[in-house]
Amino acid sequence: QLAIQGKLVEQRPEEGTAEELFVRIQEEKLRLIAEKKIKKEKPLPEITDDEKPFDIPENWMWVRLTEFATLYNGRAYKQNELLATGKYPVLRVGNLFTNNQWYYSDLDLEPEKYCDIGDLLYSWSASFGPHIWEGGKAIYHYHIWKVEYSRHIDKSYLFYMLLADTEQIKRSGHGLAMIHVTKAGMEKRPFPLPPLAEQKRIVAKIEELLPYIDRYEQAWSKLEQFNSRFPEDMKKSLLQYAIQGKLVEQRPEEGTAEELFARIQEEKQRLIAEKKIKKEKPLPEITEDEKPFDIPESWKWVRVQEITCLNPKNNLSDELEVSFIPMALVDDGYRNTHSFEIKKWGDIKKGFTHFADGDIGIAKITPCFQNRKSVVFRNLKNGHGAGTTELSIVRTINNLLSKKYMLWFFKSAYFIENGMKSFTGTAGQQRIHKDYLANCLFPLPPLAEQKRIVEKLEQLLPLCERLKGGA
């Protein structure tokens, strides 16, 4: 844009004016008309001030495209004229951008219907823009113009000028499903013309700067990627800090996880004796090699099954109305929300996963597991429910653990990434290993600290959402 406004390089009086250049271009056109190499055109109206989109230097001049260039239409093909193989490749708009599928033609056409290496082309429908053709001889399609220009115009300057004007050209087009620009409209467009020597200096400066622009674009792209990832990365970091004991300070008066663990074990033994929960098989002792990171001295590494009840069963009246939750009604990400349908217990007690208010549900199938479909169930109809068998259920022991702290652990990158390593099953139907949740190492803080961690996370995570929204 700076280039076509005359702001990229300085103007030099010794290089003459665009007015003088334009006279030479018109003399050349008259000669070519006399030699019947080009056709005489109808005179064009003078360019008004309203048509000029910006100011240009005094020694430049506004001219219409057709006053220094000629647009040649490509050829529209019938379907039976496009061949899988043939004499000439047919260059379509898609071949200039992304589509490498070629068609061919055996038709022999007038010379202006062919393009060859170095020709300046312009695609004017669907995908707009100039191209300097780098291939060999080809027939160019109807949605492409070949641009032939005066020898007093630098081809590369014309290319960059058309490139800079692409969005304005596109906005001047018409059509809904496919925007296109008419040849007559394009020929009348005003363009800024500098002296030829300045055109060449502009091109040299652009090509000197392009490598820096490419590097800037790459750096900008990386920055954009970083910015788009930043809120999610920040959430992951916050959860990692939380489960490593780095998000809030430790307070001696809150006791130790060892004491909490002992109380949980006592309560579990009482519930087993009262036959309210089943006795589980003993789990292997945690070795030093298993511990993935350091935790505070007042914390304790435990296995999830040691401190919870997994996949409990409900014993309810068949006529009781309860909540029914398929996977689609569990929200993903870092949310802790769900909805439900209402069904009678007798209709869903078999073939589904049981749960109750306060239980934690964790998706165990891909991609729901990676997408963090996990939730603390609450406000269930009559306090109970059932749902998809692709949920694992974690029930805490008599409120001796913070359910929300456990939920944030289940949404942590540590839990998710290790779960993915345990995947079994075929592609698209992979699940965490049946023993992964029970054996998973869990960093246990004292209960009061768990609650302070949750409070801090609930302060900070919404700020990450605001960053995501650009606030």
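Structure's up top.
Residues numbered from 1 in each chain as written. Predicted model: local features only at pLDDT ≥ 70, side-chain atom pairs only at ≥ 80, totals over all residues. Heavy atoms only, no water.

Turning next to the overall build of the protein. For the protein, the helix and strand inventory stands at 13 helices and 20 strands. Rg of the C-alpha trace for the protein: 36 Å, well past the compact-globule value of 23 Å for 471 residues, more than 25% over. With respect to the three principal axes, the spread of C-alpha positions in the protein is 110 × 55 × 45 Å. Counting every position in the protein, which comprises 471 residues, the buried fraction comes to 46%. A sequence separation of at least 24 residues applies to 75% of the contacts in the protein between residues at least 6 apart. Put simply, the protein shows about 25800 Å² of open surface, and 51% of that area lies on carbon and sulfur atoms. For the protein, the distance from the average position of its 70 positive side-chain charges to the average position of its 69 negative side-chain charges is 6 Å. (Helix = DSSP H or I, 4+ residues; strand = E, 2+ residues; numbered from the N terminus. Rg over C-alpha atoms; globule rule 2.2 N^0.38 Å. Buried < 20%, exposed > 50% of the residue type's maximum accessible area, 1.4 Å probe, protein only. Contact = heavy atoms within 4.5 Å. Areas by Shrake-Rupley, 256 points an atom, 1.4 Å probe, with all protein chains shown as cover. Lys, Arg positive; Asp, Glu negative; His and termini not counted. Charge placed at Lys NZ, Arg CZ, Asp CG, Glu CD.)

Right, let's talk about the sheet that holds strand S19 (residues 391–396) for a bit. In spatial order, the strands read S12-S19-S16-S17; together these four strands make up an open sheet with antiparallel pairing. This sheet does not close on itself; its edge strands, each paired only once, are strand S12 (308–310) and strand S17 (374–376). Across the sheet, the mean angle separating the axes of adjacent strands is 20° when strand polarity is ignored. Both strand S16 (residues 360–363) and S19 contribute to a ladder of four bridges, which runs antiparallel. Bridged to Ile360 within S19 is Val394. Across the sheet, helix H10 (residues 403–410) is in contact with S12, S16, S17 and S19; its angle to S16 comes to roughly 5°. (Pairing = 2+ DSSP bridges. Axes fitted to C-alpha atoms, helices over the stretch in contact; angles between N-to-C directions.)

In this section: the pairing of strand S18 (residues 384–387). In terms of strand pairing, strand S13 (residues 321–325) meets S18 through three bridges, oriented parallel. Residue pairing across strands places Phe324 opposite Ala386, the latter belonging to S18. The pairing of strand S15 (residues 353–356) with S18 spans four bridges and is classified as antiparallel. Across the sheet, Phe355 pairs through a bridge with Gly385, a residue of S18.

Okay, helix H3 (residues 155–164) next. Every buried residue of H3 is listed here: Tyr157, Leu158, Phe159, Tyr160, Met161 and Leu162. The N-terminus of H3 is capped by Asp154, whose side-chain oxygen sits 3.0 Å from the backbone nitrogen of Ser156. (Polar contact = N/O pair within 3.5 Å; in protein donor to acceptor, adjacent residues only side chain to side chain.)

Further remarks concern the pattern of salt bridges. This structure, assessed with the given rule, holds 36 salt bridges. With its nearest N and O atoms 3.1 Å apart, the salt bridge here joins Lys87 to Asp108. Of this pair, Lys87 sits in the loop between strand S2 (69–73) and strand S3 (88–91) while Asp108 sits in the loop between strand S4 (103–105) and strand S5 (114–115), and the two are 21 residues apart along the sequence. Residue Lys87 is classed as partly exposed on the basis of its relative accessible area of 49%. Residues joined by salt bridges that share partners form a network here, namely Glu10, Arg12, Glu15 and Arg201. (Salt bridge = Lys/Arg side-chain N within 4 Å of Asp/Glu carboxyl O.)

This brings us to the sheet that holds S4. Taken in spatial order, the four strands make up an open sheet running S4-S3-S8-S5, and their pairing is mixed. The open sheet terminates on both sides in strands that have one partner only, identified here as S4 and S5. Where S3 and strand S8 (residues 138–140) come together, two bridges link them in parallel fashion. Bridged to Leu91 within S8 is Tyr140.

Quick look at the pairing of strand S9 (residues 144–149) now. Regular strands have side chains that alternate between both faces of the sheet. Direction of pairing for S2 relative to S9: antiparallel, over a ladder of five bridges. Each bridged residue has a counterpart across the sheet, and for Asn73 the counterpart in S9 is Trp145.

By size, the foremost hydrophobic cluster in this structure holds 56 residues, and its most contacted members are Ile307, Phe410, Phe415, Phe442, Leu444 and Leu457. When near neighbours in sequence (up to four residues on either side) are disregarded, Ile307 contacts Phe261, Ile264, Val302, Ile397, Leu401, Met406, Phe442 and Leu444. (Core = buried A, V, L, I, M, F, W, Y, C linked by side-chain atoms within 4.5 Å.)

What follows covers the packing of aromatic side chains. Taken as a whole and judged by the stated rule, the model has 21 aromatic pairs. With 5.0 Å between their ring centres and 85° between their planes, Phe324 and Phe352 make a pair best called edge-to-face. One end of the pair, Phe324, is in strand S13; the other, Phe352, is in the loop between helix H9 (345–348) and S15, and 28 residues separate them in sequence. Judged by relative accessible area, Phe352 falls into the partly exposed class, the value being 30%. Between the aromatic rings of Phe410 and Phe415, the centroid separation amounts to 5.0 Å while the plane-to-plane angle is 65°, which identifies the pairing as edge-to-face. Taken individually, Phe410 and Phe415 each receive the classification buried, so the pair is uniform in this respect. Within the aromatic cluster, the residues linked to one another by ring pairs are Phe293, Trp301, Phe369, Tyr405, Phe409, Phe410, Tyr414, Phe415, Phe423, Tyr436 and Phe442. One cation-aromatic arrangement involves Lys137 over Tyr114; the distance from NZ or CZ to the ring centre is 4.4 Å. The ring of Tyr241 carries the charged tip of Lys246 above its face, separated from the ring centre by 5.9 Å. (Phe/Tyr/Trp six-rings, centres within 6.5 Å; stacked < 30°, edge-to-face > 60°. Lys NZ or Arg CZ within 6 Å of the ring centre and 35° of its normal.)

Below, the discussion takes up a nonpolar patch on the surface. Together, Tyr216, Trp220, Leu223 and Phe226 make up an exposed nonpolar region whose accessible area comes to about 440 Å². Locating Phe226 in the fold gives a position in helix H6 (residues 196–243). With relative accessibility at 40%, the residue Phe226 sits in the partly exposed group. (Patch = residues over 30% accessible without salt bridge, like charges linked within 9 Å, V, L, I, M, F, W, Y side chains within 5 Å.)

Before going further, it helps to examine the side chain of Asn59. With respect to the helices and strands, the residue Asn59 is situated in the loop between helix H1 (18–34) and strand S1 (61–64). Overall, the relative accessible area of 15% leaves Asn59 in the buried class. Beyond its immediate stretch of four places on either side in the chain, Asn59 contacts Gln11, Gly16, Thr17, Ala18, Pro195 and Glu198.

We now examine the side chain of Asn336. Note on placement: Asn336 falls in the loop between S13 and strand S14 (341–344). With relative accessibility at 14%, the residue Asn336 sits in the buried group. A polar contact is formed between the side chain of Asn336 and the backbone nitrogen of Val376, at a distance of 2.9 Å. When residues no more than four places from it in sequence are discounted, the contact partners of Asn336 are Val375, Val376, Arg378, Lys404 and Leu407.

With that out of the way, let us pick up unusual backbone geometry. Here the bond from Thr366 into Pro367 is cis, since omega is -5°, no more than 30 degrees from zero. Within the element layout of this structure, Pro367 appears in the loop between S16 and S17. A positive phi is found at Lys36, a non-glycine position, where the angle reads about 60°. For Lys36, the position within the fold is in the loop between H1 and S1. Given a relative accessible area of 77%, Lys36 falls into the exposed group. Even without being glycine, Asn311 reaches a positive phi, approximately 50°.

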